[in-house]
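Listed below, chain by chain, are the residues.
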Protein chains: 4
Amino acid sequence: MTSNIKKIGVLTSGGDSPGMNAAIRSVVRTCAFHNIECLGIYRGYQGMIEGDFKELGPRSVNNIINKGGTILKSARSKEFMTVEGRKKAHESLVKAGVNALVVIGGDGSFTGAEVFNSEYNFPVMGIPGTIDNDIFGTSHTLGYDTALNTVVEVIDKIRDTASSHNRLFFVEVMGRDAGHIALNTGIGAGAEEILIPEEDLGLERLLESLKRSKESGKSSSIVVVAEGDKIGKNVFELKDYVEENLPEYDVRVSVLGHMQRGGSPSCFDRVLASRLGVKAVESILDGKSNFMVGLLNDKVALTPLEQAIKGHTAIDTELLRVSDIMTT
Amino acid sequence: MTSNIKKIGVLTSGGDSPGMNAAIRSVVRTCAFHNIECLGIYRGYQGMIEGDFKELGPRSVNNIINKGGTILKSARSKEFMTVEGRKKAHESLVKAGVNALVVIGGDGSFTGAEVFNSEYNFPVMGIPGTIDNDIFGTSHTLGYDTALNTVVEVIDKIRDTASSHNRLFFVEVMGRDAGHIALNTGIGAGAEEILIPEEDLGLERLLESLKRSKESGKSSSIVVVAEGDKIGKNVFELKDYVEENLPEYDVRVSVLGHMQRGGSPSCFDRVLASRLGVKAVESILDGKSNFMVGLLNDKVALTPLEQAIKGHTAIDTELLRVSDIMTT
Amino acid sequence: MTSNIKKIGVLTSGGDSPGMNAAIRSVVRTCAFHNIECLGIYRGYQGMIEGDFKELGPRSVNNIINKGGTILKSARSKEFMTVEGRKKAHESLVKAGVNALVVIGGDGSFTGAEVFNSEYNFPVMGIPGTIDNDIFGTSHTLGYDTALNTVVEVIDKIRDTASSHNRLFFVEVMGRDAGHIALNTGIGAGAEEILIPEEDLGLERLLESLKRSKESGKSSSIVVVAEGDKIGKNVFELKDYVEENLPEYDVRVSVLGHMQRGGSPSCFDRVLASRLGVKAVESILDGKSNFMVGLLNDKVALTPLEQAIKGHTAIDTELLRVSDIMTT
Amino acid sequence: MTSNIKKIGVLTSGGDSPGMNAAIRSVVRTCAFHNIECLGIYRGYQGMIEGDFKELGPRSVNNIINKGGTILKSARSKEFMTVEGRKKAHESLVKAGVNALVVIGGDGSFTGAEVFNSEYNFPVMGIPGTIDNDIFGTSHTLGYDTALNTVVEVIDKIRDTASSHNRLFFVEVMGRDAGHIALNTGIGAGAEEILIPEEDLGLERLLESLKRSKESGKSSSIVVVAEGDKIGKNVFELKDYVEENLPEYDVRVSVLGHMQRGGSPSCFDRVLASRLGVKAVESILDGKSNFMVGLLNDKVALTPLEQAIKGHTAIDTELLRVSDIMTT
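Residues numbered from 1 in each chain as written. Chains lettered and ligands numbered in written order. Predicted model: local features only at pLDDT ≥ 70, side-chain atom pairs only at ≥ 80, totals over all residues. Heavy atoms only, no water.

Per an unreviewed UniProt entry, chain A goes by the name ATP-dependent 6-phosphofructokinase and belongs to Flavobacterium sediminilitoris. According to the UniProt record, the Subunit (unreviewed entry) comment for chain A reads "Homotetramer." As stated in UniProt under Cofactor (unreviewed entry), the record for chain A gives "Mg(2+)". (UniProt positions renumbered as here; feature names shortened; annotations may be inferred.)

1. Considerations on the relation of the copies chain D and chain C
Superposition of chain D onto chain C requires a rotation of 180° combined with a translation of 0.0 Å along the rotation axis, giving an RMSD of 0.0 Å. Read as a symmetry element, the transformation amounts to a two-fold axis. When you check the interface residues of chain D against chain C, 100% turn up at the interface there too, and the contact is symmetric in its surfaces. (Least-squares fit on C-alpha atoms with pLDDT ≥ 70 in both. Contact = heavy atoms within 4.5 Å.)

2. A few points about the interface of chain D and chain C
Between chain D and chain C, the residue contacts involve 31 residues of the former and 31 residues of the latter. Between chain D and chain C, a total of about 2,400 Å² is buried, with carbon and sulfur atoms accounting for 51% of that surface. For chain D, the biggest contributors to the area lost against chain C are Lys157(D), His258(D) and Met259(D); these three give 26% of the whole. The tally of links between chain D and chain C comes to zero salt bridges. Our count for the contact surface shared by chain D and chain C stands at 17 residue pairs in polar contact (both at pLDDT 80 or more). The dominant element in the side of chain D that touches chain C, judged by the number of residues it contributes, is helix H5 (residues 144-165) of chain D, at nine residues. (Buried area = accessible area lost by both parts, 1.4 Å probe. Salt bridge = Lys/Arg side-chain N within 4 Å of Asp/Glu carboxyl O. Polar contact = N/O pair within 3.5 Å; in protein donor to acceptor, adjacent residues only side chain to side chain. Helix = DSSP H or I, 4+ residues; strand = E, 2+ residues; numbered from the N terminus.)

3. Things to note about the sheet that holds strand E10 (residues 291-296) of chain A
Strand pairing in a sheet relies on backbone hydrogen bonds. The paired strands run either parallel or antiparallel. Residue and element names in this part refer to chain A. Reading across the sheet, the seven strands line up as E3-E2-E1-E4-E5-E10-E11 and stay open at both edges, with mixed pairing between neighbours. Looking at the sheet topology across the chains shown, the edges are occupied by strand E3 (53-55) and strand E11 (299-304). Sheet twist, expressed as the mean angle between neighbouring strand axes with direction ignored, is 30°. As paired elements, E10 and E11 share six bridges and run antiparallel to each other. What sits directly across from Leu296, in E11, is Lys299. Docked against the sheet, helix H1 (residues 20-33) engages strand E1 (7-12), strand E2 (37-41), strand E4 (100-105) and strand E5 (124-128), running at close to 160° with respect to E4. Here helix H4 (residues 107-120) sits on the sheet and contacts E4, E5 and E10; the angle it forms with E4, its principal contact strand, is near 160°. (Pairing = 2+ DSSP bridges. Axes fitted to C-alpha atoms, helices over the stretch in contact; angles between N-to-C directions.)

4. What about a negative patch on the surface?
On the surface, Glu153(A), Glu153(B), Glu153(C) and Glu153(D) cluster together to form a negatively charged patch. One can find Glu153(C) in helix H5 (residues 144-165). (Patch = residues over 30% accessible without salt bridge, like charges linked within 9 Å, V, L, I, M, F, W, Y side chains within 5 Å. Areas by Shrake-Rupley, 256 points an atom, 1.4 Å probe, with all protein chains shown as cover. Lys, Arg positive; Asp, Glu negative; His and termini not counted. Charge placed at Lys NZ, Arg CZ, Asp CG, Glu CD.)

5. Looking at the interface of chain A and chain C
Size of an interface: often given as the accessible area lost when the parts come together. Chain A puts 52 residues into the contact, and the matching count from chain C is 52 residues. Here chain A and chain C share an interface that buries about 4,200 Å² over both sides, 53% of which is from carbon and sulfur atoms. The three residues of chain A that bury the most area against chain C are Cys267(A), Met326(A) and Thr328(A), which together make up 15% of that side's buried surface. For the pair chain A and chain C, the interface holds 10 salt bridges. Between Asp316(A) and Lys299(C) there is a salt bridge; the shortest N-O distance is 3.4 Å. Where chain A touches chain C, the interface holds 16 residue pairs in polar contact (both at pLDDT 80 or more). Mapped onto the side of chain A that touches chain C, the elements with two or more residues apiece are H1, helix H5 (144-165), helix H6 (180-188), helix H9 (267-285), E11 and helix H11 (317-326) of chain A. At eight residues, the largest contribution of residues to the side of chain A that touches chain C is made by H9(A). Of the residues contributing to the side of chain A that touches chain C, the split by class is 17 nonpolar, 20 polar and 15 charged. (Nonpolar A, V, L, I, M, F, W, Y, C, P; charged D, E, K, R; others polar.)

6. Points about the UniProt feature "binding site: ATP" (unreviewed entry) in chain A
Residue and element names in this part refer to chain A. The feature "binding site: ATP" (unreviewed entry), as given by UniProt, occupies Gly15, Arg76, Ser77, Gly106, Asp107, Gly108 and Ser109 in the numbering adopted here. Taken along the chain, the residues just named run across 95 residues; in space they keep tight, none of their C-alpha pairs more than 14.3 Å apart. On the secondary structure map, Arg76 appears in the loop between E3 and helix H3 (83-95). Accessibility expressed as a relative area gives 63% for Arg76, which makes it exposed. Excluding residues that lie within four positions of it along the chain, Arg76 makes contacts with Gly14 and Gly15. Overall, Ser77 belongs to the buried group, its relative accessible area being 9%. (Buried < 20%, exposed > 50% of the residue type's maximum accessible area, 1.4 Å probe, protein only.)

7. Description of the sheet that holds strand E9 (residues 250-255) of chain B
Residues and elements named next belong to chain B. Read across the open sheet, the four strands follow the order E7-E8-E6-E9; overall the sheet is parallel. Sheet topology places strand E7 (193-195) and E9 at the edges, where each strand pairs with a single neighbour. If you compare each strand with its neighbour and ignore which way they point, the axes differ by 20° on average. The pairing of E7 with strand E8 (residues 221-226) spans three bridges and is parallel. Paired with Ile194 across the strands is Val224, a residue of E8. Against the sheet, helix H8 (residues 235-245) contacts strand E6 (167-173), E7, E8 and E9, and its axis sits at roughly 175° relative to E9.

8. Considering the packing of aromatic side chains
Two measures describe an aromatic ring pair: the distance that separates the ring centres and the angle between the ring planes. Evaluation of the coordinates by the stated rule reveals 16 aromatic pairs over all chains. Judged by centre distance (4.0 Å) and plane angle (5°), the rings of Tyr45(B) and Phe80(B) are stacked. A residue pair is termed long-range when its members are at least 10 positions apart, and Tyr45(B) in helix H2 (residues 44-50) and Phe80(B) in the loop between strand E3 (53-55) and helix H3 (83-95) qualify at 35 residues. Across the pair, Phe80(B) and Tyr45(B) agree in class, each one buried. One aromatic cluster in this structure is built from Tyr45(A), Phe80(A), Phe116(A), Tyr120(A) and Phe122(A). Between the NZ or CZ atom of Lys214(A) and the centre of the ring of Tyr249(A), over which it lies, the distance is 4.3 Å. (Phe/Tyr/Trp six-rings, centres within 6.5 Å; stacked < 30°, edge-to-face > 60°. Lys NZ or Arg CZ within 6 Å of the ring centre and 35° of its normal.)

9. Let's talk about the relation of the copies chain A and chain C
Here the second copy of the chain follows from the first by a rotation about an axis and a shift along it. It takes a turn of 180° to lay chain A on chain C, together with a shift of 0.0 Å along the axis; the resulting RMSD is 0.0 Å. Residue by residue, 100% of the interface of chain A is reproduced at the interface of chain C, so both copies engage with the same surface.

This is the structure in structure tokens:
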């Protein structure tokens, strides 16, 4: 490859997710492999504005592939949403000799990258890092697989105590706009019911389902609820509603929260991060810009950033059906 | 040993905890070892009243030593708190030929056992099973060690995301009356501050400590809070209070909840359960009654049930000091 | 669906893998959903011959989705390799009223199913269950994803001690004919070198690579070796060879062995198992036979058993490249 | 406390164990708490000789409490076994202004410390760090509790596959001279037999036990073997012996190896390390030398190094009995 790219900047932005460090490592080592410099940008776009930079060589990313979080830290930057902020950021990059940018984050981060690219014609490449799996153009975002495992392990523990006491648990998992985590962990943890933003089960049907579950001989029940479920009640309201209408149930609530974002990444997320980092850097060296690298049909593939931001990965209706059958 | 005990009943009662199954297994196999029958009593004292029994032989407890929860299930029984309820329970036991009882549970369960013993002179022996470690006469209750590991593993994950975003997290752990879990996991997870029922830190000092922590160069903070902390605010109120007074902090809350009760027991809890089960059965065969078996100075030891109920294991002041020094 | 299928038999055969129980559960519950009976066949084809059967209803598979191993047990049957053995097996099935068979296992198990089908025109459907991921017609076999996580978690631990002592470790992982586990866990664990059956690195290049790794400033090294690596030396011989030629290295060996087959399945394996179970049963009800259900491009798909047995999922050359770049 | 100690050196030596980092962190922060400097000594005694030092402040040990291995690395030093080596080491320390030494390691490391102290009257304090729990003067060495959990988790996985195939597994665990790991994990994992260096079961009795186990209806068996077991056969020879004499058994072997030394420390080990680090530093400031800090009857306590080295923590005969009863 011949290219006028001499130095690539890399940053993480938005909510952190397991696999971000593995992606940073991959970007850094792929740069080294192609004899290009790599500049770590701390605290996302805010650090880009402030020039919070550090040169990263292949040994500076030793022993991070298995670490959760992001060594580059992340932050939301209001300043970068302004024209002046982006101007400062561009000056910082130019001053540091950076020719292209790899942005690891979610759709908010990609929007920033796209605007920046459109204003300064600055080469940008996105790597999808978020546990929510809500980005178009990739079957898996970095951290999603790890979060699924974290959630089913926790629900397995809750199941222990639920079945020891014949209780009903509402377990709230992340996913404000997308039910991927809820649907997959609900199936994986053997939940009796799953409430997601994409589908309005309705309170009536929930009650019926819980009644049926009890009659079928199940001694305990787990209902997995996505943050943004359509029913329009949060888990505490759901608890009250069910206790009022099904007094035979002893109901408890568990909100899993931020633990879902942390933890050592799964093997899948580590390998995916390694693949996407290679592809992101080599695509830049190939003269490409304004794309997201993702996984489609098990192959690394490019999707225009614009599509990645606007598109939407729909819930697989086959999975909804599997879920229904499993609660027989 | 010669004894007129022919059949021992075993039950789990109160909140479940990891290691209860290992203790059931040990009671069952120790009975078999001494050629005594063992009767499993389901759903605690309620199942005792209702005669919800099952004979347990050594093979019926195969492959449960590593399982959380309790195969005998647990329940709270209001009926057993009445004279009539205990009368029915006694009749059930007599009818089933049971000569003595092993009760695995916390102090509420032990109180029931003691009253039952006083009314019917029925041999009872207690095994402390609760994650809270709040029972006098044992350095460790069954499930406590496992819960400590569960909690630090979760806080490790929260730390990943906290330090990626320079955030402050309030993490609420179990312990309504006792701060053992909070104090030990706070030290173990490297928390910046620990709030427990036994000690009133005061809101002022909490703010000062958080300020100092930030000034010392720490980029993120974890505060572990026991459910029953003395400050008299729950974690959500604490969040509001700190955000108002220390606006530089981005504060989040995580309530760990029931997951702390579940999970495969640690090796320590499995071994402890095995030891206590042997001692409980052999003490009964030795003619003893109305004791709790526990661990004192690493040795299995008996404590009168009455003392176990009324006593209180104080927080170790050395640990409080270690906690202070570690947050230097 | 209308179909003359009234009862489906299900068995597990060959080496067990995590997710087999989840697949059994799915087959059983999908049968119940379609009002069909389901017969559990113990110990694979041998139990089929001996009539070692048990009716399975939806409640008999409660709480197994998260368990490793197989509740139906597995075995290799020499008798089933004979015409007489298969005749007995067929008689057993007919006597029990079984109309179709779901076989969960690897290619040896599928070969048995295919022969049985060809002799008796008995409807069979395969579900790929093996950690080796060496079956054509599916991107993932059941248990493969779990095994990858098990292996990287163990290598993470070995890395702790390796880097504390500046040591070189040869870690042998499963995969007699296929290097999928070695290649993916090698990348995931950040191994300095990966030896697989599909590629002959050569001893010379291994030595050079290790030398280069040391010179680049790495203080410890992990080499992941598939059982059937091409170099033709086992890990102990490799250790001797390297210590002779690179005396500066303190070399250790770790053979991971059977632990790789066990453990609670990952969320991915649980969901995959649920999906494949549904598809297997519904394909039978649809009149199909002699297929394997698998995952292709993230969709459940059918592949003729014959192809599944004879085909071969090649190592992805992109991954080999990623592996090379990551060891920069 | 008033003391002429201005700077304390800390090193890790011998085999690494989980909790060493937590102990380093505790030593560093306790020094800071008392306004004393702390010097990290890399690669044990060898780094002491070579002056491989780094000043450690409270922030330099952030986020290591949960990491396996040792950030100070460990090494065995032949040079330190010589008079000249120790002379160089002493000169290095004096030159660096170090007034006292905390040595984290096993009995080999303590022997070095004691000799060094006797030659130069240099204040030394030992912290027991080894997974083997073979040091007198402490009920628990750092890393022992973590190793127990690591081992039972692995045997749980092996049990999955063992019971799916009705197999017998010999699992070799660490412990050349001491059977603590084998005995506790054997009980914890529900092993059918446990072979330890302290007790000669005899091959005859092993065969009888295995026969009885099979007859009692157990479908699979796990035998946990300490490296240094008395029977005088390694696990591979045991396999051959049993297969010859009990052909009904399908026998497999698993050698757990170095993974037992790694991994994130358990909560217990993290708290213990924190306590021992405080005590070690404060004992030095108190004018004490040539002691090991340990845990006795759940309290931190000092034992003369000489005794710690020569003494021996015997296997608890109560545990042997529990083990026998559990295999009923």
